[in-house]
Number of protein chains: 2
Amino acid sequence: MVNIAILGFGTVGSGVAEVMEENAVSISHNAAEDIRVKYIVDIRDFPDSPFADKLIRDFETVVSDPDVQVVVETIGGRKAAYEYTKRALEAGKSVVTSNKELVASRGHELLEIAKRKNVNYLFEASVGGGIPIIRPITQCLTANEIDEIYGILNGTTNYILTRMITDGAPFGEILKDAQKQGYAEADPTADIEGYDAARKICILADLCFGQSVDPESIGVEGISGVTLEDIEYARRLGYKIKLLGRARRLPGGHIAAYVAPHLISKTSLLSNVDGVMNGIVVHGNALGECMFYGAGAGKRPTASAVVADIIDAVKHRRARKYLGWEESGPGYVVDTDDVSSRWFLRTGSGLDVIGRAFGNVRLISYPGEYPGAGPDEYAFATPEMTGRELAARTGEMEVRSRFRIL
Amino acid sequence: MVNIAILGFGTVGSGVAEVMEENAVSISHNAAEDIRVKYIVDIRDFPDSPFADKLIRDFETVVSDPDVQVVVETIGGRKAAYEYTKRALEAGKSVVTSNKELVASRGHELLEIAKRKNVNYLFEASVGGGIPIIRPITQCLTANEIDEIYGILNGTTNYILTRMITDGAPFGEILKDAQKQGYAEADPTADIEGYDAARKICILADLCFGQSVDPESIGVEGISGVTLEDIEYARRLGYKIKLLGRARRLPGGHIAAYVAPHLISKTSLLSNVDGVMNGIVVHGNALGECMFYGAGAGKRPTASAVVADIIDAVKHRRARKYLGWEESGPGYVVDTDDVSSRWFLRTGSGLDVIGRAFGNVRLISYPGEYPGAGPDEYAFATPEMTGRELAARTGEMEVRSRFRIL
């Protein structure tokens, strides 16, 4: 019998308690041991919860109870979550979490403590919700040099972009409706401005490339600037606009990592990942390309990943999993402005200005052709160049939109 | 330093040797140990191979060498592969394989030997080529009761069906071209008649549902009966025809497992898995649906999965992985004719016959409307019913095609 404690009885924490109870038989079978939720720690009261008898208010009870072997941190954020995780690990307990913010910012440090104490710090649920991705990268793709990883890492923004396409309604309107439906939070900043995706792509980059990438050090652009006109132009080109987190290996031991809306071809499988779903593409030098798809958030999908980690922690109580990465030095992550791609540009400048900047380009749409566009508007795709070069070339231009093309 | 031996220097075996050499540094890092290919066993000569110095002809050298700790079986088939695998396991060596035929037919027995000898028998490459699927099921979805698993499990048939759609050319013609291009074997029976997919869905069913399913006991239908007319009707309905392996949990502890061409909706992600690619969908009661996508065959993708297993076997030399399933009793797998689905039917019978058999159905296409169809042809989708019921209802009908709808 292994006892666990859940910290935080919010969406994910309550989902973990429910799944643990509902699938108790198969979970015990898979762990080759019975697992019991001994405590659930929350400062709030839940008198009507079926788990009311397990609810306590004080983390000290958990950390000082030698019977508790695995601690599940579903508090979120970087304050109490950080302190409790550190103390639980120091006390020789394995910790399992869905907290991408904490893993992205303090993962290296917490994994070092786990290593020193010979326990596990596991975070499958921190990226892609219920989609298996951390373990596939660290255990299934180990024969590969991973060149690149990218994907749709945030369900809220993907839901909004998908509905902008299907409903033909502008960003602000769809966002409001998404908030009503529970697909976007009251304060949607972390999602729509790309910060959530940034944390996730940094965790993936940490694992794929072996050195830590600070989410605060990478270029992050959200979707609030994506207009219906952009979506219509993309459609005409055979593309959809999706918010991607992207990380890739560059020559000289450097990597690129950033979050930005991209035009992606409708012929790619990833462009068909719609609504709240997530899709993550990994490219390895032996495997080629593979993709992982599923629910990137939500109570039960996230609980599915957390509980898998609990089972793993129980099975590996006396054997630490091989997870971790090194600290990175300055210059490891190149400036996002120095990363090349093809670009989609929409401009109000005339043909003479476009010609001087880019030479002969194939215009996608002509002034006045698309009703939503201004009567004086041109759009086109550039050859591959860095953001810096693009900025230099468009110095004289009135740029209305500028997106990378995958 | 861990020494391994590769049995069979064909496509997969030589891919394994190449990837082991090419990615030696990262592989050693991931395994936390150096891994060396000590022997490659093949009865053929390869004097010009860069691995010529490792090539030997006799398995006895391998089995009697106490320095060899992991044996890689890439011979294929059920004869020598079976004997060598058994002897290697009995000798206390872990075995890694891509041999779906052997795992599907003898997996239970070989896993039992591995368990008894406290070594590992690993077969990630046996399903989905390089796509991580075995390990995700056994380690990442452990919190779930898995309800259903299905997918495009054979690249050759998916390539042929995709090209029938894009080229508008009939099965026989595309098959010949696929053989020329190396996408289909000289004797394509195992692929096009569905036997290869059957082995794979049985391995997946073994793992997901815990009891062995014999590929020879399940309903298997290939793609040689799929015509251009069927594909055109499917297109009009908003579907594509794909060969699926499918297994699902039924009430009363039974399961359904079979291989058959299905009509699948173009709005599903799986319908966009085209060409030689594979896609596998898993449905769990906590996670909901997730999908794994990638190259289901080929030298390097398959080697990617085999080498990941080698690394795993090296890391778990003294700790067996939890893989295995029970023998099943009679009646565990229900007769495929008793499994329900909606059906697509194409018939040369008149409206009176159709009406008597199915009542009011919405006809998809009317006689003579589609140039490829006969002038007297109707097609429609039925409500959900078993294959047995369908056969009874169509007793009087001239049935030209009959496919399940996913």
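Residues numbered from 1 in each chain as written. Chains lettered and ligands numbered in written order. Predicted model: local features only at pLDDT ≥ 70, side-chain atom pairs only at ≥ 80, totals over all residues.

### Comments concerning the overall build of chain A
What chain A contains, in helices and strands, is 14 helices and 17 strands. Computed over the C-alpha atoms, the radius of gyration of chain A is 23 Å, within 12% of the 22 Å expected from 2.2 N^0.38 for a compact globule of 406 residues. For chain A, the spread of C-alpha atoms along the principal axes amounts to about 75 × 50 × 35 Å. A buried classification covers 51% of the 406 residues belonging to chain A. (Helix = DSSP H or I, 4+ residues; strand = E, 2+ residues; numbered from the N terminus. Rg over C-alpha atoms; globule rule 2.2 N^0.38 Å. Buried ≥ 20, exposed ≤ 12 C-beta atoms within 10 Å, placed from the backbone.)

### Structural notes on the sheet that holds strand β6 (residues 121–122) of chain B
Hydrogen bonds between backbone groups are what pair the strands of a sheet, and the pairing can be parallel or antiparallel. Residues and elements named next belong to chain B. The strand order across the open sheet formed by six strands is β3-β2-β1-β4-β5-β6, and the pairing between neighbours is parallel. Only two strands of the sheet have a single partner each, and these edge strands are β3 (55–56) and β6. Looking at chain direction, strand β4 (residues 68–73) and strand β5 (residues 94–97) are connected through four bridges and run parallel. Bridge assignment links Val 72 to a residue of β5, and that residue is Val 96. (Pairing = 2+ DSSP bridges.)

### Remarks on the domain arrangement of chain A
Each assigned domain of chain A is listed with its residue range as follows: domain 1 (2–130 + 299–315), domain 2 (134–295) and domain 3 (339–405). For domain 1 of chain A and domain 3 of chain A, the distance between their C-alpha centres works out to 50 Å. (Domains from an automatic or database assignment.)

### Focus on the relation of the copies chain B and chain A
Each copy of the sequence occupies a distinct position, and chain B is placed on chain A by a rotation of 180° and an axial shift of 0.0 Å, giving an RMSD of 0.0 Å. Taken together, these values place the two copies in the relation of a two-fold axis. For chain B, the minimum C-alpha distance to the rotation axis belongs to B:Phe292 and amounts to 2.5 Å. When the interface residues of chain B are mapped onto chain A, 100% of them again lie at the interface, so the same face is used by both copies. (Least-squares fit on C-alpha atoms with pLDDT ≥ 70 in both. Contact = placed C-beta atoms within 7 Å.)

### So, the environment of A:Gln69
Looking at where A:Gln69 falls in the secondary structure, it is placed in strand β4 (residues 68–73). Apart from the residues lying within four places of it in its own chain, the contact partners of A:Gln69 are A:Val2, A:Asn3, A:Lys93, A:Ser94 and A:Arg317.

### Some words on the interface of chain B and chain A
Residue-level contacts link 43 residues of chain B with 43 residues of chain A. Listed by contribution, the elements that provide at least two residues to the side of chain B that touches chain A are α2 (24–31), α6 (134–140), β12 (288–295) and α12 (299–315) of chain B.

### Focus: helix α4 (residues 80–90) of chain A
Residues and elements named next belong to chain A. All of the buried residues along α4 are Ala 81, Tyr 84, Thr 85, Ala 88 and Leu 89. Taken end-on, α4 shows its buried residues confined to a sector of 130°, consistent with a single buried face. Against β1 (2–7), α3 (59–63), β4, β5 (94–97), α5 (100–116) and β6 (121–122) lie the buried residues of α4. Of the residues flanking the end of α4, it is Gly 92, one or two places downstream, whose phi is positive at about 85°. (Arc of directions from axis to C-beta.)

### Topic: the sheet that holds β6(A)
Residues and elements named next belong to chain A. Taken in spatial order, the six strands of this open sheet run β3-β2-β1-β4-β5-β6, and their pairing is parallel. Two strands in the sheet have a free side with no partner beyond their single neighbour: β3 (55–56) and β6. One ladder, built from five bridges, connects β1 with β4; its direction is parallel. Within β4, the residue paired with Leu 7 across the bridge is Glu 73.

### Description of the pairing of strand β9 (residues 239–249) of chain B
Residue and element names in this part refer to chain B. In terms of burial, β9 is largely enclosed, as nine of its 11 residues are buried. As paired strands, strand β7 (residues 146–152) and β9 are joined by four bridges and run antiparallel to one another. Opposite Ile 149, over in β9, you have Ala 247 as the bridge partner. Inspection of the sheet shows β9 paired to strand β10 (residues 255–265) by 11 bridges, in the antiparallel sense. The partner of Lys 240 across the bridge, within β10, is Ile 264. Hairpin geometry of β9 and β10 is characterised by an intervening segment of five residues between the two adjacent antiparallel strands and by a positive phi of about 80° at Gly 252.

### Describing unusual backbone geometry
The residue A:Asn118 is not glycine, and still its phi comes out positive at about 55°. Examined against the element boundaries, A:Asn118 turns out to sit in the loop between α5 and β6.

### So, the packing of helix α1 (residues 11–22) of chain A against helix α12 (residues 299–315) of chain A
Residue and element names in this part refer to chain A. In the contact formed by α1 and α12, the axes pass within 8 Å of each other and the chain directions differ by 70°. Comparing the axis directions of α1 and α12 gives the class roughly perpendicular. Both α1 and α12 take part in a crossing whose hand is right-handed. Contacts between α1 and α12 involve Thr 11, Val 12, Gly 15, Val 16, Glu 18, Val 19 and Met 20 from the former and Lys 299, Arg 300, Thr 302, Ala 303, Ser 304, Val 306 and Val 307 from the latter. Of the residues assigned to the contact of α1 with α12, the class counts are seven nonpolar, four polar and three charged. (Axes fitted to C-alpha atoms, helices over the stretch in contact; angles between N-to-C directions. Parallel < 35°, antiparallel > 145°, perpendicular 65-115°, else oblique. Left-handed = near helix turned anticlockwise from the far one by under 90°. Nonpolar A, V, L, I, M, F, W, Y, C, P; charged D, E, K, R; others polar.)

### Observations concerning the packing of α4(A) against α5(A)
Residues and elements named next belong to chain A. Packing of α4 against α5 brings their axes to within 10 Å, and their N-to-C directions diverge by 15°. Of the possible angle classes, the one that applies to α4 and α5 is roughly parallel. Note on packing geometry: the crossing formed by α4 with α5 is right-handed. On α5, the residues that touch Ala 81, Tyr 82, Thr 85, Lys 86, Leu 89 and Glu 90 of α4 are Leu 102, Arg 106, Leu 110, Ile 113 and Ala 114. Each residue belonging to the contact of α4 with α5 can be placed in one class, and the counts come to seven nonpolar, one polar and three charged.

### As for the environment of B:Ile310
All names here are of chain B. Its location among the elements puts Ile 310 in helix α12. Residues Ile 310 and Gln 69 lie 241 residues apart in sequence; the distance between their C-alpha atoms is 10 Å. For Ile 310, the residues in contact, after removing those within four places along its chain, are Ile 4, Ile 35, Val 70, Val 72 and Val 96.

### Here we look at the environment of B:Ile152
All names here are of chain B. Within the secondary structure layout, Ile 152 lies in strand β7. Spatially, the C-alpha atom of Ile 152 lies 5.1 Å from that of Asn 278, the residues being 126 residues apart in sequence. If we ignore the near neighbours within four places in the chain, the residues touching Ile 152 are Asn 158, Lys 242, Leu 243, Leu 244, Leu 270, Val 273, Asn 278 and Gly 279.

### As for α2(B)
All names here are of chain B. Residues Ile 27, Asn 30 and Ala 31 constitute the buried set of α2. Along α2, the residues classed as buried sweep out an arc of 95° about the axis, all on the same side. Packed against the buried residues of α2 are α1 (11–22), β2 (35–41) and α12. Within two residues after α2, Ala 32 carries a phi angle of roughly 60°, on the positive side.

### Side note on the confidence of the model for chain A
Across chain A, the average pLDDT comes to 94, with 97% of residues at 70 or higher. Across the interface, the model reports ipTM at 0.95; the global pTM reads 0.95. (pLDDT = per-residue confidence, 0-100.)

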